[in-house]
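Spelled out from the first residue to the last, the chains are:
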Amino acid sequence: MSRFDIGLWMFVAALVAIGLRMPVAVAMLLAGGVGYAAINGVNPLLNTLKSLTFSKFANYTLLVIPLFLLMGEFATKGGMNSALFRAARAWFGHWRGGLATATIGGCAAFGAICGSSLATAATMSQVAGPEMRKLGYSPALYTGTLAAGGTLGILIPPSVILVIYAVFTEQSIGALFIAAVIPGIIAMIQYMIVINLYVRFVPGAAARIEKASWRERVDATKQVWPVLLVFGLVVLGIYRGWFSATEGAGVGAFATMVLAIWLGGMRWKDMRESLLSTGETTAMMFLIMLGAELFSAGLASSQMPTELARRVAELDASPVTIMLVILAVYFFLGCFMESLAMVLLTLPVFIPLVLALDFGLTKDALLVWFGILVLISVEVGMISPPFGLNLFLINAMAKDVPMRETYKGVIGFCAMDAVRIALIVLFPALALWLPGVR
Amino acid sequence: MPDPRAGSATALTGASPPSSPARRFLTRVSERVALIGGIALLGAMLTMIATVVGAAFGKPLLGDSEIVELLGGVTVFTFLPYCHLRGSNVIVDFFTQRLPARACDWLDAAMNLVFGGVAVVLAWRLIEGGITAYERDKRSMFLQLPDWWGYSIGAIAMLLWIVVCLFIAWERLQQARGRIERRPPGTGAFG
């Protein structure tokens, strides 16, 4: 069996095992380990494993992940989700489908301090869900909005996926965060447009509420300035190099903790829950990253990815076509796979492939741009029927809403996502202009 | 339908209550161990604040990243058993959703045995690595913290992790044979 074949079989074996309910991390560890041993011998594998686990888990850069997760947890426990929703409602509430619009606004703001899509969807559902329901919003509209709004959690930095992508491709975390800002804002505006159109074309989907007075608006906004301050401090601080990404996450988590204790009345019990829930997700993610490390080491020594890139280059297809095929693969996988696992499973193969494409961009610019595209495609996977994870989360929380309704409500948002991907493929500057990557 | 337990949704929608005495016991133990990691994470965060504040006043802490790294490692290791016990390791159940629940239990039991096997190899290599670090007296650059401290905490957590894998394999086996009930899914959060 040639090296290329071994690499191919590693991939196939991992996918089959994953399909048969093997935890993704274990499948990657196993396939990667066996492949690595088949190519380099058993002893080198055993030697690598002596230090690999520890060096991957006790890792300064990767510590950003639990700290950002902790920040999101503290923000929820401090009631910042409801403060953000109230403020957004004061501004947008009287619009057509105002509460849904306010939900999107609140999700975007919450996404600025939370790096996870499921967490954003779940926390915003708790405050915005019951209100939209009470006002007789159609189930399709409100579950669709919550599912789509949740994805703003990863689209708007800080974003866990971007951190991992940055580490994997050796790009600056700060540059990727800044690059995600404009696409994130576009996403928010697009989602608001979808809601407006939905309410126009489906009469009776949403009741109107009274316009808030300026006084109410100012009062509600006063409640949320700390959130914006923390976001600005963390993202700008990392980007301008006031502190490292890890320190930035530490500062953000600490500031959010202080706010949660001071303004939100967080006590030890809530703190304990935050720590447990953060650690649980952290362990899950780090185990996948460990698996990915071994998997990509195995793939790299099989030289399958570079060989594949060479063969694809010979195909004489245009770079845009190949890029669209790659994004389609993400979209497809995203339908039934957790986003982080999917990204880590595919990056070892796709990065050499992408680097071989000529878009007239430098290597750094190409990688940052691709990172944003991956981020968006992953996010679309989370809300695209029939298997998007966010859809199931929201539907599980709103028990009496049939899945069909949630599907109906989310279609418009998915269409907008497709438009946004096309925009960013056509105009890389949308991602690259703000961080000034060349 | 994919189980919302895939991904981190469990933590959000609330896991079902522990059922058997064995599960209750393991839950208690791994939660305690995990809390150590939680406190370590808080410690890492505070160390970083001290560095940032110190640097702002021109007095940066030397070797802060070594403390932070060690504490972060403790966090990840100590949460491995808790995470797996709560069923938070990502699985894809898309292709098996049409199978009867019992078949899935059999598969899960087998996969948890495999998981346990992988965990045994990882723990074995980690312990070997720790012994090497101890014998060669490997230390961190600034603070001279011995590497084997981190390795030993990791090893202890990993032993508990192996136990959890084997326990879940056993639990699924009992479920498959109808000896114990399947744990109920989480309940709705609003409505």
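Higher on the page you've got the structure.
**Details of the overall build of chain A**
From N to C terminus, chain A includes 22 helices and zero strands. In summary, chain A has a C-alpha radius of gyration of 22 Å against a globular reference of 22 Å for 438 residues, a match within 12%. Expressed along its principal axes, the backbone C-alpha trace of chain A runs to roughly 70 × 45 × 45 Å. Looking at chain A residue by residue over its 438 residues, the buried ones come to 63%. In chain A, the share of contacts with a sequence separation of at least 24, taken over all contacts with a separation of at least 6, comes to 80%. Carbon and sulfur atoms make up 65% of the accessible area of chain A, which totals about 15,500 Å².

**So, the packing of helix α2 (residues 21-56) of chain B against helix α3 (residues 64-85) of chain B**
Geometry of a packed helix pair, given as the angle between the helix axes and the separation of the axes. Residue and element names in this part refer to chain B. At their nearest, the axes of α2 and α3 sit 8 Å apart, and the two run at 160° to each other. Taken together, the axis directions place α2 and α3 in an arrangement best described as roughly antiparallel. Of the two possible hands of crossing, α2 and α3 adopt the one that is left-handed. Classifying every residue of the contact of α2 with α3 by side-chain character gives 15 nonpolar, nine polar and three charged.

**Details of the pattern of salt bridges**
If you walk through the whole model with that rule in mind, you get 20 salt bridges over all chains. Put simply, K77(A) and E73(A) hold a salt bridge, and the shortest N to O gap is 3.9 Å. Within this pair, K77(A) and its partner E73(A) are both found in helix α4 (residues 64-77), separated by four residues, close to a single helical turn. A salt bridge links D137(B) to R139(B); the nearest nitrogen and oxygen atoms lie 3.2 Å apart. For R139(B), a relative accessible area of 38% corresponds to the partly exposed category. When salt bridges with common partners are traced through the structure, they connect R21(A), R23(B), D108(B), E171(B) and R172(B) into a single cluster.

**Points about unusual backbone geometry**
It is generally the case that most residues other than glycine have a negative phi and that most peptide bonds are trans. Residue P157(A) is joined to P158(A) through a cis peptide bond whose omega torsion reads -5°. By the secondary structure assignment, P158(A) is in the loop between α8 (139-155) and α9 (160-169). Even without being a glycine, E170(A) presents a positive backbone phi close to 60°. The topology assignment puts E170(A) in the loop between α9 and α10 (173-179). Using a relative accessible area of 71% as the deciding quantity, one classes E170(A) as exposed. Unlike most non-glycine residues, D137(B) shows phi in positive territory, near 55°. Within the secondary structure layout, D137(B) lies in the loop between α4 (101-135) and α5 (147-176).

**Regarding the interface of chain A and chain B**
Of the residues lining the interface, 71 residues belong to chain A; the matching set on chain B comes to 74 residues. Between chain A and chain B lies a buried interface of about 6,500 Å² when both sides are counted; carbon and sulfur atoms form 80% of it. Taken together, chain A and chain B are joined by three salt bridges. With its nearest N and O atoms 2.5 Å apart, the salt bridge here joins R272(A) to E31(B).

Analysis parameters
- Residues numbered from 1 in each chain as written.
- Chains lettered and ligands numbered in written order.
- Predicted model: local features only at pLDDT ≥ 70, side-chain atom pairs only at ≥ 80, totals over all residues.
- Heavy atoms only, no water.
- Helix = DSSP H or I, 4+ residues; strand = E, 2+ residues; numbered from the N terminus.
- Rg over C-alpha atoms; globule rule 2.2 N^0.38 Å.
- Buried < 20%, exposed > 50% of the residue type's maximum accessible area, 1.4 Å probe, protein only.
- Contact = heavy atoms within 4.5 Å.
- Areas by Shrake-Rupley, 256 points an atom, 1.4 Å probe, with all protein chains shown as cover.
- Axes fitted to C-alpha atoms, helices over the stretch in contact; angles between N-to-C directions.
- Parallel < 35°, antiparallel > 145°, perpendicular 65-115°, else oblique.
- Left-handed = near helix turned anticlockwise from the far one by under 90°.
- Nonpolar A, V, L, I, M, F, W, Y, C, P; charged D, E, K, R; others polar.
- Salt bridge = Lys/Arg side-chain N within 4 Å of Asp/Glu carboxyl O.
- Buried area = accessible area lost by both parts, 1.4 Å probe.

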